[in-house]
2 protein chains.
Amino acid sequence: MKLIECIPNFSEGRRPEVIAAITGAISGVEGINLLDVKPDKDHNRVVVTFVGEPESVAEAAFRGAQKAAELIDMQEHRGEHPRLGATDVIPFVPLGATSMEECITIAERVGARIGEELDIPVYLYERAARTPERRNLADVRRGEYELLIKDITRPERKPDFGPAVANLRSGGTVVGARPPLVAFNVNLESTDLKAARAIARKVRESGGGLPAVKALGLMIEEGNHTQISMNLVDFTITGMHTAMEAIANEAAAYGIAISGSEVVGLLPVQALLDSAIHSLKLAGFSADQVLEFRLGGGK
Amino acid sequence: MKLIECIPNFSEGRRPEVIAAITGAISGVEGINLLDVKPDKDHNRVVVTFVGEPESVAEAAFRGAQKAAELIDMQEHRGEHPRLGATDVIPFVPLGATSMEECITIAERVGARIGEELDIPVYLYERAARTPERRNLADVRRGEYELLIKDITRPERKPDFGPAVANLRSGGTVVGARPPLVAFNVNLESTDLKAARAIARKVRESGGGLPAVKALGLMIEEGNHTQISMNLVDFTITGMHTAMEAIANEAAAYGIAISGSEVVGLLPVQALLDSAIHSLKLAGFSADQVLEFRLGGGK
């Protein structure tokens, strides 16, 4: 069974009936598992997580965007989080045996439908991006809705799908494919925030550290201890075990030990299996050996 | 979804058409995933592995035993492996959220059906055993088919289900419930077989080592290196990481390092997750956080 995770972000975090209508449109599609709905009132935004097979996920993502276009008017939207439109961003994430290529194809199909059927300018981002300038979501979203409706006719703003004219009601939508993200925090036996920040800088990609790792040094639990809070944006490039070992090495230089770690939210099972394989030095291991993974093939 | 693994052993390893008829009877049940069929000619025995929901697994196990009773005549059976009957042993193993109690209930139901409908003496073993003397399969199977048909009327041989008279054609069947078994081998950077055997003795339960661990020290790959070959008979008692760490400690006393490890055959995903949680010192982790594990709940 091929599975894709989809985590669309809609620009509505305050009206529960609108959120319910959007999630209802998504979960009404046969074969969709709605896993999580996280509204934020300050952001005036909701993050929805669902999973299913490619056809179902493509249909559900479109129906969510359709319902958002119907019920959200960006001309009235105010919120703290950057956003380009009513359906702000739709990432497709491969799970299990699904390839990134399949997610890129789904992103293109859903993007095309949103552009053509809903008359919304659509921009492809991350792995689905057609130009390097559109890889980063922050770049695509720069200036937000308010600038997009002014600038849409400029050549560099030409959408990948849909009309190159402002949709005042819906704004624009960013659609793409990316690897699953693992929110992984490592706790330090220390209250030295400076050291934590220095360790985070050393470990993260932007500081010349581990690729595909974002990291911050934080003080948590009311000053009780420090933490390296990470986003592993591609755990197949840098996994949890590698990140933890790098932190252990950097922390050792300060005489600081690791007390434990935590995963925030959801993660794909493979991220944990990779850690087990690494720590057990397992050779010749195949995911086929996992009983539960073989259950899709029978009658 | 509640899942149970069933690994029946049938006393036929030479006639492919008989094996195919038995596995066909099993996989013909709706909802059954036939995962593995391993015939052995010397043993004249086949080990079948299948998985499904409790009702399906109970039905499939019975139909396999029924077909074996139809096609195998123990009066003509010769083979190296100890056996009591045509359907020799049927263990039920809980997977995921399934409890051991549910597997014991299934073992009792299937045992009763085999006894009543097929007129075969049935003995409950392992976690399903009703007396301590029947916990160990080797004890129940002592003397094999040949002794059973003579001794069946003795009080200590009274079956848990079915007639207390010899079934010459089918022999007896042992039915039970047990935790999943993990076949886990740890390779040593050494060719010292004596040291490997000493390490194995220290580590295994029978030597006063780790509970639920069986271990042998072996020379493998034509004398290239030694190995501690283990069966973890209940990984929730002693997991892969604990076994590996114990071997690392014992081996260190001989100045021997671990070069790697391997899993033979299938294992439940939880055995690997436990290792990841252990090595990452993950706190507050719930299996609910694994994306793939949440996919059973939706529509």
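For clarity, every value in this text was computed on a predicted model and none was experimentally measured. (Residues numbered from 1 in each chain as written. Chains lettered and ligands numbered in written order. Predicted model: local features only at pLDDT ≥ 70, side-chain atom pairs only at ≥ 80, totals over all residues.)

1. Some words on the overall build of chain A
- A count of helical and extended segments in chain A gives eight helices and 11 strands.
- Against the globule reference of 19 Å for 299 residues, chain A gives a C-alpha radius of gyration of 21 Å, in line with a compact fold.
- If you line up chain A on its principal axes, its C-alpha atoms span 60 × 55 × 35 Å.
- Counting only residues that meet the buried cut, chain A has 48% of its 299 residues in that class.
- In chain A, 72% of the contacts between residues at least 6 apart in sequence involve partners at least 24 apart. (Helix = DSSP H or I, 4+ residues; strand = E, 2+ residues; numbered from the N terminus. Rg over C-alpha atoms; globule rule 2.2 N^0.38 Å. Buried ≥ 20, exposed ≤ 12 C-beta atoms within 10 Å, placed from the backbone. Contact = placed C-beta atoms within 7 Å.)

2. Description of the interface of chain B and chain A
- Taken together, the 42 residues of chain B in the interface contact 42 residues of chain A.
- Of all the secondary-structure elements, those providing two or more residues to the side of chain B that touches chain A are strand S3 (33-40), helix H7 (240-252), strand S11 (258-264) and helix H8 (269-279) of chain B.
- With six residues, the single largest contributor to the side of chain B that touches chain A is H8 of chain B.
- The residue inventory of the side of chain B that touches chain A, partitioned by class, reads 23 nonpolar, 13 polar and six charged. (Nonpolar A, V, L, I, M, F, W, Y, C, P; charged D, E, K, R; others polar.)

3. Examining the sheet that holds S11 of chain B
All names here are of chain B.
- Taken together, four strands build an open sheet; the order of strands is S9-S10-S8-S11 and the sheet is antiparallel. Two strands bound the open sheet, and with one partner strand each, they are strand S9 (213-220) and S11. Within the sheet, the average angular offset between the axes of one strand and its neighbour, ignoring direction, is 20 degrees.
- When strand S8 (residues 182-188) meets S11, the two strands line up antiparallel, connected through six bridges. Residue pairing for S11: Ala 183 is matched across the bridge by Val 264. (Pairing = 2+ DSSP bridges. Axes fitted to C-alpha atoms, helices over the stretch in contact; angles between N-to-C directions.)

4. Structural notes on unusual backbone geometry
- Of note in this structure, Asp 119 of chain A is not a glycine but carries a positive phi near 55 degrees.
- One can find Asp 119 of chain A in the loop between helix H3 (100-118) and strand S6 (122-126).
- The exposure class of Asp 119 of chain A is partly exposed, given the 14 C-beta atoms found within 10 Å.
- Positive phi outside glycine occurs at Glu 126 of chain B, with the angle close to 50 degrees.

5. Thoughts on the relation of the copies chain B and chain A
- Mapping chain B onto chain A is achieved by rotating through 179 degrees and translating by 0.0 Å along the same axis, at an RMSD of 0.1 Å. The two molecules are tied by a two-fold rotation axis, judged by turn and shift. Scanning chain B for the C-alpha nearest the rotation axis identifies Ala 276 of chain B, at a separation of 2.2 Å.
- Here 100% of the interface residues in chain B have copies in chain A that are interface residues too; the copies meet face to matching face. (Least-squares fit on C-alpha atoms with pLDDT ≥ 70 in both.)

6. Section: the domain arrangement of chain A
- Considered domain by domain, chain A is made up of domain 1 (3-177) and domain 2 (182-289).
- In this structure, domain 1 of chain A and domain 2 of chain A have C-alpha centres spaced 30 Å apart. (Domains from an automatic or database assignment.)

7. Notes on the sheet that holds strand S8 (residues 182-188) of chain A
Residues and elements named next belong to chain A.
- Spatially, the four strands line up as an open sheet ordered S9-S10-S8-S11, and their pairing is antiparallel. The sheet is open, and its two edges are formed by strand S9 (213-220) and strand S11 (258-264), each paired on a single side. Adjacent strand axes in the sheet meet at a mean angle of 20 degrees, parallel and antiparallel pairs treated alike.
- The strands touched by helix H6 (residues 193-203) are S8, S9 and strand S10 (225-232); relative to S9, the strand with the most contacts, the crossing angle is about 175 degrees.
- Against the sheet, helix H7 (residues 240-253) makes contact with S8, S9, S10 and S11, and its axis sits at roughly 25 degrees relative to S8, the strand it touches most.

8. Observations regarding the environment of Cys 103 of chain B
- By the secondary structure assignment, Cys 103 of chain B is in helix H3 (residues 100-118).
- Along the backbone, Cys 103 of chain B and Ile 4 of chain B are 99 residues apart, and their C-alpha atoms lie at a distance of 7.4 Å.

9. Concerning the nonpolar core
- Ranked by internal contacts, the top residues of the largest apolar core, which has 178 residues, are Ala 243 of chain A together with Ala 243 of chain B.
- Every residue in contact with Ala 243 of chain A, bar those within four places of it in the chain, is listed here: Phe 184, Val 203, Leu 210, Val 213, Met 230, Leu 232 and Thr 238 of chain A. (Core = buried A, V, L, I, M, F, W, Y, C linked by C-beta atoms within 7 Å.)

10. A short note on the packing of helix H2 (residues 54-71) of chain A against H3 of chain A
All names here are of chain A.
- Two numbers describe how H2 lies on H3: the axes approach to 10 Å, and their chain directions differ by 30 degrees. Considering the relative orientation of H2 and H3, their crossing is right-handed. Residues Pro 54, Val 57, Ala 58, Ala 61, Phe 62, Ala 65, Gln 66 and Ala 69 of H2 form the contact with H3, whose participating residues are Glu 102, Ile 106, Arg 109, Val 110, Arg 113, Ile 114 and Leu 118.
- For the contact of H2 with H3, the residue count by class is 11 nonpolar, one polar and three charged. (Left-handed = near helix turned anticlockwise from the far one by under 90°.)

11. Quick word on helix H1 (residues 16-27) of chain A
Residues and elements named next belong to chain A.
- Between its terminal C-alpha atoms H1 stretches 16 Å, which fits the 16 Å expected from 12 residues at 1.5 Å a residue.
- Looking at H1, one finds that the buried residues are Ile 22, Thr 23 and Ile 26. Across the axial projection of H1, the buried residues extend over an arc of 90 degrees, all falling on one side. Facing away from the buried side of H1, by more than 90 degrees, are the exposed residues Glu 17 and Ala 20.
- Elements that come into contact with the buried residues of H1 comprise strand S2 (9-10), strand S3 (33-40), strand S4 (45-52) and H2. (Expected span 1.5 Å × (residues − 1). Arc of directions from axis to C-beta.)

12. Some words on the environment of Gln 289 of chain B
- If you trace the backbone, Gln 289 of chain B turns up in the segment after H8.
- Apart from residues no more than four positions distant in its own chain, Gln 289 of chain B is found in contact with Val 263, Gly 265, Leu 266 and Leu 267 of chain A.

13. Details of the confidence of the model for chain A
- Chain-level pLDDT for chain A is 94 on average; 99% of the residues reach the 70-or-more range.
- Interface confidence in the predicted complex, given as ipTM, is 0.78; pTM for the same model is 0.78. (pLDDT = per-residue confidence, 0-100.)

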